[in-house]
Amino acid sequence: MVKFYSSNDTYAYPFPAVTLAYFLRYPNPYSTHVLSTDTIARHYDAEKQQLTTVRLHLKRSKLPSAVLKLVPRSLLGASASGDTQSYILEKSVVDMRNGVMDTESRNLEWTGILSVIERQQFRRPTSPAQEDAKFWQGMEGAARRHGFLSFGPGAKVEDNGETTEVTSSVTLLSHVGERWKKRKAAEGATAAGAAEDDQQPQKMGFLKSWTTASLQRSIEGIGLKRAMRSQPNAKEGMKVVLQRMREGGLVAVLEGMRQDREAGLLTYGESKSGPPRRGGDGGAD
Amino acid sequence: MSASLAPECNEVKERYDNCFLKWYSEKFLRGTSTSDECEPLFKQYEQCLTKALRARGIDSMLKDAREDNRDNDAEHMKPRR
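Cut-offs and rules
Residues numbered from 1 in each chain as written. Chains lettered and ligands numbered in written order. Predicted model: local features only at pLDDT ≥ 70, side-chain atom pairs only at ≥ 80, totals over all residues. Heavy atoms only, no water. Helix = DSSP H or I, 4+ residues; strand = E, 2+ residues; numbered from the N terminus. Buried < 20%, exposed > 50% of the residue type's maximum accessible area, 1.4 Å probe, protein only. Contact = heavy atoms within 4.5 Å. Areas by Shrake-Rupley, 256 points an atom, 1.4 Å probe, with all protein chains shown as cover. Core = buried A, V, L, I, M, F, W, Y, C linked by side-chain atoms within 4.5 Å. Disulfide = S-S within 2.5 Å. Phe/Tyr/Trp six-rings, centres within 6.5 Å; stacked < 30°, edge-to-face > 60°. Lys NZ or Arg CZ within 6 Å of the ring centre and 35° of its normal. Salt bridge = Lys/Arg side-chain N within 4 Å of Asp/Glu carboxyl O. pLDDT = per-residue confidence, 0-100. Expected span 1.5 Å × (residues − 1). Bend = angle between axes of the 7 residues up to and from the residue. Polar contact = N/O pair within 3.5 Å; in protein donor to acceptor, adjacent residues only side chain to side chain. Axes fitted to C-alpha atoms, helices over the stretch in contact; angles between N-to-C directions. Left-handed = near helix turned anticlockwise from the far one by under 90°. Nonpolar A, V, L, I, M, F, W, Y, C, P; charged D, E, K, R; others polar.

### Remarks on the overall build of chain B
Part 1 of the argument: A count of helical and extended segments in chain B gives three helices and zero strands.
Part 2 of the argument: Looking at chain B as a whole, 43% of its 81 residues qualify as buried.
Part 3 of the argument: Partitioning the intrachain contacts of chain B with sequence separation of at least 6 by distance along the chain shows that 51% fall at a separation of at least 24.
Part 4 of the argument: Working note: accessible area of chain B is about 4,400 Å², and carbon and sulfur atoms make up 49% of it.

### Digging into the overall build of chain A
Part 1 of the argument: Of the regular secondary structure elements, chain A holds five helices and seven strands.
Part 2 of the argument: Counting only contacts in chain A whose residues sit at least 6 apart along the sequence, the fraction spanning at least 24 positions is 74%.
Part 3 of the argument: Carbon and sulfur atoms provide 54% of the accessible area of chain A, an area that totals close to 12,900 Å².

### Looking at the nonpolar core
Part 1 of the argument: If you look at the biggest cluster of nonpolar residues, it comprises 53 residues, and the most contacted ones within it are Leu56 and Phe122 of chain A together with Tyr24 and Phe28 of chain B.
Part 2 of the argument: Looking at this core, the elements that each hand over two or more residues are α1 (15–23), β2 (34–45), β3 (50–62), β4 (83–95) and α5 (212–266) of chain A together with α1 (10–26), α2 (39–55) and α3 (58–76) of chain B.
Part 3 of the argument: When sequence neighbours within four positions are dropped, the list of residues in contact with phenylalanine 28 of chain B reads Tyr44, Gln49, Gln50, Leu51, Val94 and Met96 of chain A together with Trp23 and Ser33 of chain B.

### Notes on the state of the cysteines
All names here are of chain B.
Part 1 of the argument: Counted according to the given criterion, the structure contains two disulfides over all chains.
Part 2 of the argument: At a sulfur-sulfur separation of 2.1 Å, the disulfide partner of cysteine 9 is cysteine 48. The disulfide joining cysteine 9 to cysteine 48 has a torsion of about -95° about its S-S bond and is therefore left-handed. With a gap of 39 residues between them, cysteine 9 in the segment before α1 and cysteine 48 in helix α2 connect regions that are remote in the sequence. Summarising the burial analysis for this pair, cysteine 9 and cysteine 48 share the class buried.

### Focus: the environment of lysine 3 of chain A
Residue and element names in this part refer to chain A.
Part 1 of the argument: By the secondary structure assignment, lysine 3 is in strand β1 (residues 2–11).
Part 2 of the argument: Looking at lysine 3, the relative accessible area reads 24%, which means it is partly exposed.
Part 3 of the argument: Here the alpha-carbon distance between lysine 3 and glutamate 220, two residues 217 residues apart in the chain, equals 6.4 Å.
Part 4 of the argument: Sequence-distant contacts of lysine 3, that is, excluding residues within four places in its chain, are made with Val170, Thr171, Leu172, Arg217, Glu220, Gly221 and Leu224.

### Observations regarding the packing of aromatic side chains
Part 1 of the argument: Summed over the entire model, instances satisfying the criterion amount to 15 aromatic pairs over all chains.
Part 2 of the argument: Grouped by ring-pair contacts, the aromatic residues Tyr11, Tyr22, Phe23, Tyr44 and Phe122 of chain A together with Tyr16, Phe20, Trp23, Tyr24, Phe28, Phe42 and Tyr45 of chain B constitute a single cluster.
Part 3 of the argument: The ring of tyrosine 22 of chain A has arginine 25 of chain A sitting right over it, with the charged end atom 3.9 Å from the ring centre.
Part 4 of the argument: Positioned above the aromatic ring of phenylalanine 20 of chain B is the side chain of arginine 42 of chain A, whose terminal nitrogen or guanidinium carbon lies 3.4 Å from the ring centre.

### A word on the pattern of salt bridges
All names here are of chain A.
Part 1 of the argument: A complete count under the given rule lists 14 salt bridges over all chains for this structure.
Part 2 of the argument: In this structure, arginine 25 and glutamate 90 form a salt bridge, with 3.0 Å as the shortest nitrogen-oxygen distance. In this pair, arginine 25 is assigned in the loop between α1 and β2 and glutamate 90 in strand β4, connecting sequence segments 65 residues apart.
Part 3 of the argument: Glutamate 262 is paired through a salt bridge with arginine 258; the nearest N and O atoms lie 2.9 Å apart.

### Quick look at the confidence of the model for chain A
Residue and element names in this part refer to chain A.
Part 1 of the argument: Looking at chain A, the pLDDT average stands at 75 and 66% of residues meet or exceed 70.
Part 2 of the argument: Mean pLDDT values for the elements of chain A range from 49 in helix α3 (residues 128–146) up to 96 in α1.
Part 3 of the argument: Taken together, the stretch residues 191–201 has pLDDT below 50 and engages in nine contacts with residues farther than four places along the chain or on a different chain.
Part 4 of the argument: Confidence over residues 269–285 falls short of pLDDT 50; this stretch has 60 contacts with residues more than four positions distant or in other chains.

### What about α5 of chain A?
Part 1 of the argument: Its 55 residues place the ends of α5 of chain A only 42 Å apart at the C-alpha level, less than the 81 Å of an ideal helix rising 1.5 Å per residue.
Part 2 of the argument: At glycine 248 of chain A, α5 of chain A is deflected by roughly 130°, the largest bend along its length.

### Quick notes on α1 of chain B
Part 1 of the argument: The terminal C-alpha atoms of α1 of chain B, which comprises 17 residues, lie 24 Å apart, in line with the 24 Å expected from a rise of 1.5 Å per residue.
Part 2 of the argument: Along α1 of chain B, the positions that sit buried rather than exposed are Val12, Lys13, Tyr16, Asp17, Phe20, Leu21, Trp23, Tyr24 and Ser25 of chain B.

### Brief notes about the environment of aspartate 38 of chain A
Part 1 of the argument: Tracing the sequence through the fold places aspartate 38 of chain A in strand β2.
Part 2 of the argument: Residues aspartate 38 of chain A and arginine 55 of chain A, 17 residues apart in the sequence, show an inter-C-alpha distance of 5.5 Å.
Part 3 of the argument: The contacts of aspartate 38 of chain A, once residues within four sequence positions are left out, are Val54, Arg55 and Leu56 of chain A together with Ala3, Ser4, Leu5, Lys13, Tyr45 and Leu49 of chain B.
Part 4 of the argument: Within the structure, aspartate 38 of chain A has its side chain in polar contact with the side chain of tyrosine 45 of chain B (distance 2.6 Å).

### Observations concerning the packing of α1 of chain B against α2 of chain B
The angle between the axes and the distance between the axes are what describe a pair of packed helices.
Residue and element names in this part refer to chain B.
Part 1 of the argument: The geometry of α1 relative to α2 is characterised by a closest axis approach of 9 Å and an angle of 150° between their N-to-C directions. Both α1 and α2 take part in a crossing whose hand is left-handed. Note on element contacts: α2 touches α1 through Leu41, Phe42, Gln44, Tyr45 and Cys48, opposite Val12, Lys13, Arg15, Tyr16 and Cys19.
Part 2 of the argument: Here the contact of α1 with α2 is built from residues that sort into seven nonpolar, one polar and two charged.

The structure is reproduced here in structure tokens:
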């Protein structure tokens, strides 16, 4: 049982700037609930010009009350009001040669309740007209396009009309009520591709009054609503970072991050006033 | 810059992040990089972080998650675009 949501959008910024903003998107005013971001693995393939990055984000989060009602707290490790912290694992691959960045984020905890996988693909547009324009711009155009990339105080993103396409999707999958680890192990012993339907998911005691399937559908539905609500905030967060880059280059981005980080520390545990506190990926907040 | 989950790693993380941003924006994005020049700094950062992840019991969670996710991918989540 899986729920799926996807959308397409265009950023009014060139592809290189968007990939940089992706790495620099936390913290931003829309994601002051992101407590930390660590790079846990990074690999550069010089031949393919591909950079693979695995990062771990820690977010302060609140479980949807609707989920709290459905699932016993003992399973969640959350406080009575649902406050908790959650780890999000993010993987990204930037392919400079083809002008594509693929990203995927997922929650590390509560995967027995609900797995939320957010994927994004950023693409440099490749319409014939644009390719043509690039050709005629020649070296001058290339230099201008890369102008914003210098790491100096004056470095800025220039508005040269270049855009980046993005496709976002969210996949929600609830395993609640399944003894799926056990099932998985059993499946591992048999041939791959064996019919899953043979093994009915088993219910836990507290779920007796629900059918497993309807409970999973409910939880996936709650997750889907939340994911759809969070998407605009994730996009706004990226746009704030890109705007800073355009106005003041990396220096402005880093200064903005510093301020947002302080704002995040100040609002820790306080009321939820100010900008929406939702970063966007992983969905496990 | 974003904070590390382990405050004791913040300093080495910041040194690495600065190196990475410079390399990424000046070389990688221009397609002129022949190697990841920040790898030595990453190793230092990684060393600190690995210790911190282990101390917090996150290392095993990460490992399990990444293994489970691979299985999930194969089982339920074939790429859909």
